[in-house]
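Summary of structural features
Residues per chain, in single letters:
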Amino acid sequence: KCPGRLADYASAYVHRRIPGGPGKLTLLCDANTDGSFLVHHFLSFYLKANCKVCFVALIQSFSHYNIVGQKLGVSLTVARECGQLVFLEGLKSSVDVFFRAQAEPHPLQFLREANAENLQPLYEFVREALKPVDDGEAAWRCPVLLVDDLSVLLSLGMGAVAVLDFIHYCRATVCWERKGNIVALVHDSGDTEDEENNILLNGLSHQSHLILRAEGLATGFCRDVHGQLRILWRTPSQPTTQRDQSLTYQYKIQDKSVSFFAKGMSPAVL
Amino acid sequence: VTPSEGARGGTGRQLEMESVLALRGLVLLRDSVEWEGRSLLKALIKKAALGGEQVHILGCEVSEEEFRAGFDSSVNSRLVYYDLFRDPLNWAQTGEALPGGPLGALQAMCERTDPGPVTVALDSLSWLLLRLPCAALCQALCAMSRRHACRGGSLAAEQLCVLGLLHRELHGPGPMGALSSLAQTEVTLSGTAGQASAHILCRRPRQRPTLETLWFSVLPDLSLDLQGGPPLESQPHPDPHTPQVDPASHLTFNLHLSKREREAKDSLTLPFQFSSEKQQALLRPGPGPATSRIFYEPDTFDDLDPEDPDGDLDV
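Thresholds, definitions, all that
Residues numbered from 1 in each chain as written. Chains lettered and ligands numbered in written order. Predicted model: local features only at pLDDT ≥ 70, side-chain atom pairs only at ≥ 80, totals over all residues. Heavy atoms only, no water. UniProt positions renumbered as here; feature names shortened; annotations may be inferred. Core = buried A, V, L, I, M, F, W, Y, C linked by side-chain atoms within 4.5 Å. Buried < 20%, exposed > 50% of the residue type's maximum accessible area, 1.4 Å probe, protein only. Helix = DSSP H or I, 4+ residues; strand = E, 2+ residues; numbered from the N terminus. Contact = heavy atoms within 4.5 Å. Pairing = 2+ DSSP bridges. Axes fitted to C-alpha atoms, helices over the stretch in contact; angles between N-to-C directions. Patch = residues over 30% accessible without salt bridge, like charges linked within 9 Å, V, L, I, M, F, W, Y side chains within 5 Å. Areas by Shrake-Rupley, 256 points an atom, 1.4 Å probe, with all protein chains shown as cover. Salt bridge = Lys/Arg side-chain N within 4 Å of Asp/Glu carboxyl O. Phe/Tyr/Trp six-rings, centres within 6.5 Å; stacked < 30°, edge-to-face > 60°. Lys NZ or Arg CZ within 6 Å of the ring centre and 35° of its normal. Buried area = accessible area lost by both parts, 1.4 Å probe. Polar contact = N/O pair within 3.5 Å; in protein donor to acceptor, adjacent residues only side chain to side chain.

Going by what an unreviewed UniProt entry lists, chain B is known as Elongator complex protein 5 and is assigned to Felis catus. Under the Pathway (unreviewed entry) heading, UniProt states for chain B: "tRNA modification; 5-methoxycarbonylmethyl-2-thiouridine-tRNA biosynthesis." Under the Sequence similarities (unreviewed entry) heading, UniProt states for chain B: "Belongs to the ELP5 family."

With an unreviewed UniProt entry as reference, chain A is termed Elongator complex protein 6, source organism Felis catus. Annotation of chain A in UniProt includes, under Pathway (unreviewed entry), the sentence "tRNA modification; 5-methoxycarbonylmethyl-2-thiouridine-tRNA biosynthesis." Of chain A, the UniProt comment under Sequence similarities (unreviewed entry) reads exactly: "Belongs to the ELP6 family."

All names here are of chain A. V56, V126, L145, L150, F166 and L200 are the most contacted members of the largest nonpolar core, which totals 45 residues. Where this core is concerned, the elements lending two or more residues are β1 (25-31), β2 (51-57), α6 (120-129), β4 (141-148), α7 (151-155), α8 (160-177), β5 (181-187) and α9 (195-207). Per element, the largest residue contribution to this core is 10 residues, and it comes from α8. Leave out the neighbours within four places in its chain, and L200 touches L150, L154, A160, V163, L164 and V186.

Moving on to the sheet that holds β1 of chain A. Residues and elements named next belong to chain A. Taken in spatial order, the 9 strands line up as β3-β2-β4-β5-β1-β6-β7-β8-β9 in an open sheet, and their pairing is mixed. Two strands bound the open sheet, and with one partner strand each, they are β3 (85-89) and β9 (258-261). Strand after strand, the sheet turns through a mean of 20° between neighbouring axes, direction not considered. Relative to β9, strand β8 (residues 246-253) runs antiparallel, the two sharing 4 bridges. In the strand pairing of β9, I253 is matched with V258. Where helix α2 (residues 36-48) meets the sheet, its contacts fall on β1, β2, β3, β4, β5, β6 (210-215), β7 (227-233), β8 and β9, and the angle it forms with β2 comes to roughly 155°. Packing against the sheet, α6 makes contact with β2, β3 and β4, and its axis sits at approximately 160° to β2.

We now examine a nonpolar patch on the surface. Residue and element names in this part refer to chain A. Together, V95, F98 and F99 make up a nonpolar patch on the protein surface, roughly 350 Å² of accessible area in all. Position of V95 relative to the elements: it lies in helix α5 (residues 90-99). Of the residues examined, V95 reaches a relative accessible area of 41% and is grouped as partly exposed.

Our next topic: the packing of aromatic side chains. The way to describe two aromatic rings as a pair is by their centre distance and the angle between their planes. In total, this model carries 14 aromatic pairs over all chains according to the counting rule given. Seen from their ring centres, F62 of chain A and F87 of chain A are 4.8 Å apart, and the 85° between their planes marks the pair as edge-to-face. Residue F62 of chain A is found in helix α3 (residues 62-71), and its partner F87 of chain A is found in strand β3; the two are separated by 25 residues along the sequence. As far as burial versus exposure is concerned, F62 of chain A and F87 of chain A are alike and both buried. One aromatic cluster is present, built from ring pairs that chain together F55, F62, Y65 and F87 of chain A. When the ring centre of F62 of chain A is taken as reference, the NZ or CZ atom of R80 of chain A above it lies at 3.8 Å. A cation over an aromatic ring shows up here: K42 of chain B above the ring of F67 of chain B, its NZ or CZ 5.5 Å from the ring centre.

Residue and element names in this part refer to chain B. Where burial is concerned, most of strand β7 (residues 195-202) is hidden: 6 out of the 8 residues are buried. Two strands pair when backbone bridges link them, and strand β6 (residues 185-192) and β7 are joined in this way by 8 bridges, in the antiparallel orientation. Bridge pairing in β7 links E186 to L201. The hairpin formed by β6 and β7 contains 2 residues between the paired strands, and A193 there has a positive phi angle of roughly 50°. Note that β7 and strand β8 (residues 210-218) share 7 bridges and pair antiparallel.

Another aspect to go through is the interface of chain B and chain A. Each partner contributes residues to the interface: chain B has 37 residues there, and chain A has 31 residues. Between chain B and chain A the total buried area reaches about 3,000 Å² when both faces are included, carbon and sulfur atoms providing 59% of it. Area buried by chain B at its contact with chain A is led by V33, F85 and W91 of chain B, which between them contribute 27% of it. Linking chain B to chain A there are 1 salt bridge. The residue R131 of chain B makes a salt bridge to D165 of chain A at a minimum N-O spacing of 2.7 Å. At the boundary of chain B with chain A, the tally comes to 12 residue pairs in polar contact (both at pLDDT 80 or more). For the side of chain B that touches chain A, the elements supplying multiple residues, two or more each, are α2 (38-50), α3 (64-68) and α6 (125-131) of chain B.

Here's what the structure looks like:
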């Protein structure tokens, strides 16, 4: 019952097979279903792998992620206290933006400004959080930026290009300079008229090395199969000899794990 | 594409690709999430560099290190790289960023090209199109070719090639149309069954536009390998030896009519079908079995009053 076996395999695959090691952008997206189980998986995966994690959590509270993390075998409280995890709790700190004196820029400064043009304060927060420490204590492995999620930034008034610029700068710093990884969740509303979200989703897809797409089943809700996961490996700049690098699995979310199986092979129907 | 054509077409295709690549002007490489175009862009850059041209690259989407990966040192030394990846919007304020932002960087590239054959690669045009007004970008592209033409004399316009990587899903029909109208060649990337294809639309002056499809792959050393067509096993074709099964056989009821039964059915007139024969038959009162009679025996309480048939009712 190891949690999220296939997503583990996919992450390990990315790190092993694509030349150059880490320094990759993994895009999580969900359509007609809730893909947050992937976020919980990657958070616990990287914490267990001893990486320094900066988690920009805009959707849920710290205690929510902590409770799910404990089911997956990590304690966010301990990780935060020992400095492994830098946690930006969007729900709580957004209130600070309004009630604090405007002394220093707040990462969520854009909430306060009428015409916020960019997410530079948020980028500066990430850069500071994943800065290498020189004091010689046990160094963590590669830095990781995790964002849950980017679509909410569009709802909060930022344009798609501003969010793409934020991720661009994070890629330059976290992926290229620090050889770390980025994992970000974007929702696919399926609405072709939502141009901003489509630009964000497609723009990020072109920059990603791995795309994990959780979709609801076309036939509707099912108790035993919660959805299907499409995995697409991309190499944005190196040619690959084989192009067929896409897989589809179906999954069921259980209390402490996610089980994956080939299409039509759910234990419930066999 | 039959196999024999593929074998013959090897050199033919190579020559066609050569003629395509010999085109100058704006070349749009339109890729998608599934079929990426950067490796083709790098293959074309390698070809231009090995052909002795100057190659200028505006790199926005990937780091210079990642872009140069795969080129050998002879090619790498010929590339002039403008790095817009590290700090395109000057957030770091280190003074190292290219002045003037993305538009300034693009214009600076034009200034620095020497006369003679030159290839300019924009990685990517989509990145620029999302951040610059479409009109400004189109003007900059036109200015680039004009300036090159002015500098080098009458033939110089033919010696500038601008390769622009464009991500199809990111732009609406307006900007795409504007860039299409400026482009001399559009290469649209797609593929089937693991094999990439390029649909090449060429607009040569004073000639009709031509559209051709090439199947290719980019090898790890960034050279282009052209194939005749998609691998045969991917092409579905019906098996001529499969017998057609008649679903109406082996039934417990009869769905077929014999000839006599069919004739009888066709000659039958339906009861409510009003034909002229029927009309005549109704108008002509016929004797004998056609008429019917009613026999009535009144009993003692019946009062047959022809004038008031209801007279016997006590109402």
